[in-house]
Amino acid sequence: MKIVTITSSPHRKGTTDALASAFCRGAEEAGHAVFRFDAARERVQPCLACDACRRTGACVQKDSMETLMPHLLEADVIAFVTPLYYYGMSAQLKTVVDRFYGKNSELSGGKRTVLLAASADDSDWTMAALERHYETILRYLGWEDAGRVLAMGCGDRAAIEQTDFPNQAFQIGKSL
Ligand SMILES: Cc1cc2nc3c(=O)[nH]c(=O)nc-3n(C[C@H](O)[C@H](O)[C@H](O)COP(=O)(O)O)c2cc1C
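Described below are features of the structure shown in this document. (Residues numbered from 1 in each chain as written. Predicted model: local features only at pLDDT ≥ 70, side-chain atom pairs only at ≥ 80, totals over all residues. Heavy atoms only, no water.)

What to know about the side chain of Arg99
Part 1 of the argument: As for its position among the elements, Arg99 is in the loop between helix H4 (91-98) and helix H5 (104-107).
Part 2 of the argument: When its relative accessible area of 7% is taken as the criterion, Arg99 is described as buried. (Helix = DSSP H or I, 4+ residues; strand = E, 2+ residues; numbered from the N terminus. Buried < 20%, exposed > 50% of the residue type's maximum accessible area, 1.4 Å probe, protein only.)

So, in structure tokens, the structure goes:
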């Protein structure tokens, strides 16, 4: 299978990198092809809402989405990886998701997705809005959830390394 992992933290060795790296390792061990896109280190501009894509089929913006989109269109599984920022996904990830707009119909259906997220807080409502948003995107695009790791109470790499969360991400990758 073809797997696309979209990370979105500016921290190269942060908590969500621990999840993403473990997930990718599991998927590769299972024999899948993994394309990792680190959105925080790419140039992805916000959607201009110009609707040129609706008229011509192509986005007018020339940036790293030109690299990512062909992989997304071919992907069997997309992993969304995000630090929790104000109880939602990071702006870096949301900017990528908004750019799906130009290819909504081609992207719709037939894909499974994974959510890997980390937060400092660990209240029972900490990840509620993120999960609701994730589920709503899946419902809209006709995609199916293939697993989630919600690493709450993990404010930094040292904290997440004390937990089983990276192993859980590995197991999801391996099970695909
Ligand atoms: C801008 C910003 C917003 C944050 N918002 C939240 C939040 O709403 N709730 C929370 O529990 N942690 C919040 N955090 C903490 C991060 O989610 C947490 O430290 C996470 O592990 C960082 O992941 P990373 O190391 O992969 O960047 C925030 C951190 C930043 C920098």
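Having seen it, we continue.
Looking at empty space enclosed by the protein
Part 1 of the argument: The tally for this structure, following the rule as stated, stands at three cavities of 30 Å³ or more.
Part 2 of the argument: Approximately 120 Å³ is the volume found for the largest cavity.
Part 3 of the argument: Together, 14 residues line the largest cavity, and Cys47, Leu48, Cys53, Cys59 and Arg99 are the ones closest to its centre.
Part 4 of the argument: The class makeup of the residues in the lining of the largest cavity is nine nonpolar, two polar and three charged.
Part 5 of the argument: Roughly 60 Å³ of volume is contained in the second largest cavity.
Part 6 of the argument: Listed by contribution, the elements that provide at least two residues to the lining of the second largest cavity are H4 and helix H6 (128-141).
Part 7 of the argument: When residues of the lining of the second largest cavity are assigned to their parent elements, the largest contribution, four residues, is made by H6.
Part 8 of the argument: For the lining of the second largest cavity, a count of residues per class yields nine nonpolar, no polar and no charged. (1 Å grid on protein atoms, 1.4 Å probe; cavity = no way out; pocket = protein on both sides within 12 Å on 5 of 7 lines; lining within 4 Å. Points joined across faces, edges and corners; volume = space filled by probe spheres on them. Nonpolar A, V, L, I, M, F, W, Y, C, P; charged D, E, K, R; others polar.)

As for the site of the ligand
Part 1 of the argument: Around the ligand sit 16 residues in total, of which Ser9, Thr15, Thr16, Leu84 and Cys154 are the nearest.
Part 2 of the argument: In the model, an oxygen atom of the ligand is placed 3.4 Å from a nitrogen or oxygen of the Ala118 main chain.
Part 3 of the argument: When the ligand is considered free in solution it has 650 Å² of accessible area, and contact with the protein chains removes 78% of it.
Part 4 of the argument: Looking at the shell around the ligand, its residues break down into eight nonpolar, seven polar and one charged. (Near = heavy atom within 4 Å. Polar contact = N/O pair within 3.5 Å; in protein donor to acceptor, adjacent residues only side chain to side chain. Areas by Shrake-Rupley, 256 points an atom, 1.4 Å probe, with all protein chains shown as cover.)

Notes on helix H8 (residues 165-175)
Part 1 of the argument: Of all the positions in H8, only Phe165, Pro166, Ala169, Phe170, Ile172 and Gly173 are classed as buried. Seen along its axis, H8 keeps its buried residues to an arc of 160 degrees; they face one direction.
Part 2 of the argument: Buried-residue contacts for H8 involve helix H1 (15-29), strand E4 (112-118), strand E5 (144-151) and helix H7 (157-161). (Arc of directions from axis to C-beta. Contact = heavy atoms within 4.5 Å.)

Describing the packing of aromatic side chains
Part 1 of the argument: Under the counting rule described, the total for this entry stands at five aromatic pairs.
Part 2 of the argument: Taking the centre distance of 6.4 Å and the plane angle of 45 degrees together, the rings of Phe80 and Phe100 count as tilted. On the criterion of sequence distance, the pair formed by Phe80 in strand E3 (residues 77-83) and Phe100 in the loop between H4 and H5 is long-range, its members being 20 residues apart. We note that Phe80, like Phe100, is buried.
Part 3 of the argument: Ring centres 6.5 Å apart and planes at 25 degrees place the aromatic pair Phe80 and Trp143 in the stacked group. In this pair, Phe80 is assigned in strand E3 and Trp143 in the loop between H6 and E5, connecting sequence segments 63 residues apart. The same class applies to Phe80 as to Trp143, namely buried.
Part 4 of the argument: Among the aromatic residues, those joined into a ring-pair cluster are Phe80, Phe100, Tyr134 and Trp143. (Phe/Tyr/Trp six-rings, centres within 6.5 Å; stacked < 30°, edge-to-face > 60°.)

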